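What follows is each chain in one-letter form.
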Amino acid sequence: MSVPADRRYGPATLPRARGPLSTAVIEALRRPPHDLPTDLGVGLDPADPIVDEDLQLTLFLCYELHYRGWLGVDESWEWQPTLLALRARCERVFEAALRRLVGAPSVPAAGVAAGLAELVAADDGPALASRLQRRADLAQFREFVAHRSVYHLREADPHSWALPRLGGPAKAALVEIQTDEYGNGRLDRMHAELFRRTLDRLGLDTSYGAHVDVVPAVTLATNNLMSLFGLHRRLRGALLGHLAAFEMTSSLPNRRYGNGLRRLGFDEVATRFYDEHVEADAVHEQIAAHDMCGGLVAVEPALAGDVLFGAAAGLAVDRLFAAHLLDSWADGRSSLRTPAPPDLPPTVSLVALPAVAPPSPPALV
Ligand SMILES: [Fe+2]
Ligand SMILES: [Fe+2]
């Protein structure tokens, strides 16, 4: 699916609102920067912030202004004080929910790298990768890829926020990881570009932010927590911990995703993104845990708890994400949401991605 160059890299098209707060923000963003009502979001107290559609979309709308922005939206909104105040209200609720979800992980005497290894070893997330490897059909695989596209089309960007906030060994280690993520400066090797080809092979829209409208709150939450950690210097330990957990739990699932696509008949162009991560992340996990997080804590010992909090939060929200997909499929439903107005009955909330013909099986020689 060919996409005009001006859509390929963003800015994304504004999504549809999911409730009163995101409605107010979207309506405001369509106009020149101005003050929002001072009571907007005051007293915000959703039952479950991590899966609250209105809260997560509102956060995503605010955060995207710091990445590629929104199509047709004045760039000065990025630092509009009343919008930042609203974002801060949403962030307080979201961060409190994350801390309730994972508690305060204790740092073992053996150090932060050992603590990360313990968290990863204890991760009993649902077997999404096994499902995609062995049983998922093409429609389910395409859903998974659509969910993940929100992150992978800007892969590594949230963790780059840490770079100017670090010095010394942690910075060197982060640069080493990010260099690979950005393809060592080669466009065709950038992980985001490898993923664009996977999307293309699966017949999905490859433009930046194309699938934001159809992913649910829990998918936005997996992205928003990276932005939360990335945009606050006080959370730099959590940001590095998140990246470490990400790298330490990447190699095996990516092998499974690649195998799943091969099972469905896709070629090495489609699987390259996943195949690349099998090798790269086996190396990255060592650098991330020991050189990066260990290096940070050696210089700033007080950040050890934050490192483990960020790792635990990333793993926990990813478990919720995986459970959402598996539960939806177990019930015979799509894991995506409709971008239609919220007053429609739930039976129409099942959205179908555009049909794509599976590739022909490779010729036998
Ligand atoms: Fe990557
Ligand atoms: Fe990596």
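Under the annotation held in an unreviewed UniProt entry, the protein chain carries the name Iron-containing redox enzyme family protein and is attributed to Micromonospora parva.

(A) Up close: the coordination of the iron ion (ligand 1). Protein ligation of the iron ion (ligand 1) involves Glu 155 (OE), Glu 181 (OE), His 191 (ND1) and His 277 (NE2), the donor distances falling in the range 1.8 to 2.1 Å. Considering all four donor atoms around the iron ion (ligand 1), the spread of angles at the metal, 85 to 167°, places the coordination shape in the irregular class. Mapped onto the sequence, the residues coordinating the iron ion (ligand 1) show the spacing E-x25-E-x9-H-x85-H. Between the iron ion (ligand 1) and the iron ion (ligand 2) the interatomic distance comes to 4.2 Å, and Glu 181 is a ligand of both metals. Taken together, the residues span a long stretch of sequence, with His 191 in helix 10 (residues 191-201) and His 277 in helix 14 (residues 268-299) at a distance of 86 residues. The buried category is assigned to His 277, whose relative accessible area is 4%.

(B) Broad picture of the coordination of the iron ion (ligand 2). Every protein donor of the iron ion (ligand 2) is accounted for by Glu 181 (OE), Glu 247 (OE), Glu 247 (OE), Asp 281 (OD) and His 284 (ND1), and the metal-donor separations fall at 2.1 to 2.6 Å. Donor residues binding the iron ion (ligand 2) come from one chain and are separated in sequence as E-x65-E-x33-D-x2-H.

(C) Geometry of the nonpolar core. Formed by 102 residues in total, the largest nonpolar core has its most connected members in Phe 141 and Phe 144. The greatest single-element share of this core, amounting to 13 residues, is contributed by helix 15 (residues 304-330). Apart from the residues lying within four places of it in its own chain, the contact partners of Phe 144 are Leu 128, Leu 132, Tyr 257, Tyr 274, Phe 321, Leu 325 and Trp 329.

(D) Up close: the side chain of Arg 89. Its place among the elements puts Arg 89 in helix 4 (residues 81-102). A distance of 2.5 Å separates a polar side-chain atom of Arg 89 from the backbone oxygen of Leu 40. In this structure Arg 89 touches Thr 38, Leu 40, Gly 41 and Val 42, once residues within four positions along its chain are discounted.

(E) Looking closely at unusual backbone geometry. Across the junction of Gly 10 and Pro 11, the peptide omega takes the value 0°, indicating a cis bond. Position of Pro 11 among the secondary structure elements: in the loop between helix 1 (5-8) and helix 2 (20-29). Even without being a glycine, Ala 156 presents a positive backbone phi close to 85°. Relative to the elements of secondary structure, Ala 156 occurs in the loop between helix 7 (138-152) and helix 8 (157-160). Phi is positive for Asn 184, close to 50°, though the residue is something other than glycine. Counting through the fold element by element, Asn 184 comes out in the loop between helix 9 (168-181) and helix 10. Given the relative accessible area of 51%, Asn 184 is considered exposed.

(F) Fine view of the pattern of salt bridges. In the structure shown here, the tally under the stated rule is 17 salt bridges. When the shortest N-O distance is used, the salt bridge between Arg 186 and Asp 188 registers 3.3 Å. The exposure class of Arg 186 is partly exposed, given its relative accessible area of 40%. Judged by its relative accessible area of 36%, Asp 188 falls in the partly exposed class. Between Glu 193 and Arg 196 there is a salt bridge, and its shortest N-O distance comes to 3.1 Å. With a gap of three residues between them, Glu 193 and Arg 196 both fall in helix 10, about one helical turn apart. No difference in accessibility class separates Glu 193 from Arg 196, as the two residues are buried. Through salt bridges with shared partners, one network takes in Arg 18, Glu 53 and Arg 337.

(G) Up close: the side chain of Arg 131. Within the secondary structure layout, Arg 131 lies in helix 6 (residues 128-134). Asp 137 is the oppositely charged side chain nearest to the buried, salt-bridge-free Arg 131, at an N-O distance of 6.7 Å. Setting aside its immediate chain neighbours within four residues, Arg 131 contacts Ala 136, Gln 140, Arg 263, Leu 326 and Trp 329.

(H) Fine view of the state of the cysteines. Considering all chains together, one arrives at zero disulfides under this definition. Sulfur of Cys 62: no disulfide; nearest cysteine sulfur belongs to Cys 90 and is 6.3 Å away. Residue class for Cys 62 comes out buried when judged on its relative accessible area of 3%.

(I) Fine view of the environment of Ala 113. Among the structural elements, Ala 113 can be located in helix 5 (residues 112-121). Classification of Ala 113 by relative accessible area gives buried; the value is 17%.

(J) Just the packing of helix 5 against helix 12 (residues 236-248), in detail. With their axes 10 Å apart at the nearest point, helix 5 and helix 12 run at an angle of 55° to one another. Here helix 5 lies oblique to helix 12, going by the angle between them. Seen along the crossing, helix 5 lies across helix 12 with a hand that is right-handed. Where helix 5 abuts helix 12, its residues Leu 116, Ala 117 and Val 120 lie against Gly 241, Ala 244 and Met 248.

Cut-off values and rules
- Residues numbered from 1 in each chain as written.
- Chains lettered and ligands numbered in written order.
- Predicted model: local features only at pLDDT ≥ 70, side-chain atom pairs only at ≥ 80, totals over all residues.
- Heavy atoms only, no water.
- Donors = N, O, S within 2.8 Å, 3.2 Å for Na, K, Ca; no water.
- Tetrahedral: all angles 85-135°; square planar, octahedral: opposite > 155°, others 65-115°.
- Helix = DSSP H or I, 4+ residues; strand = E, 2+ residues; numbered from the N terminus.
- Buried < 20%, exposed > 50% of the residue type's maximum accessible area, 1.4 Å probe, protein only.
- Core = buried A, V, L, I, M, F, W, Y, C linked by side-chain atoms within 4.5 Å.
- Contact = heavy atoms within 4.5 Å.
- Polar contact = N/O pair within 3.5 Å; in protein donor to acceptor, adjacent residues only side chain to side chain.
- Salt bridge = Lys/Arg side-chain N within 4 Å of Asp/Glu carboxyl O.
- Lys, Arg positive; Asp, Glu negative; His and termini not counted.
- Disulfide = S-S within 2.5 Å.
- Axes fitted to C-alpha atoms, helices over the stretch in contact; angles between N-to-C directions.
- Parallel < 35°, antiparallel > 145°, perpendicular 65-115°, else oblique.
- Left-handed = near helix turned anticlockwise from the far one by under 90°.

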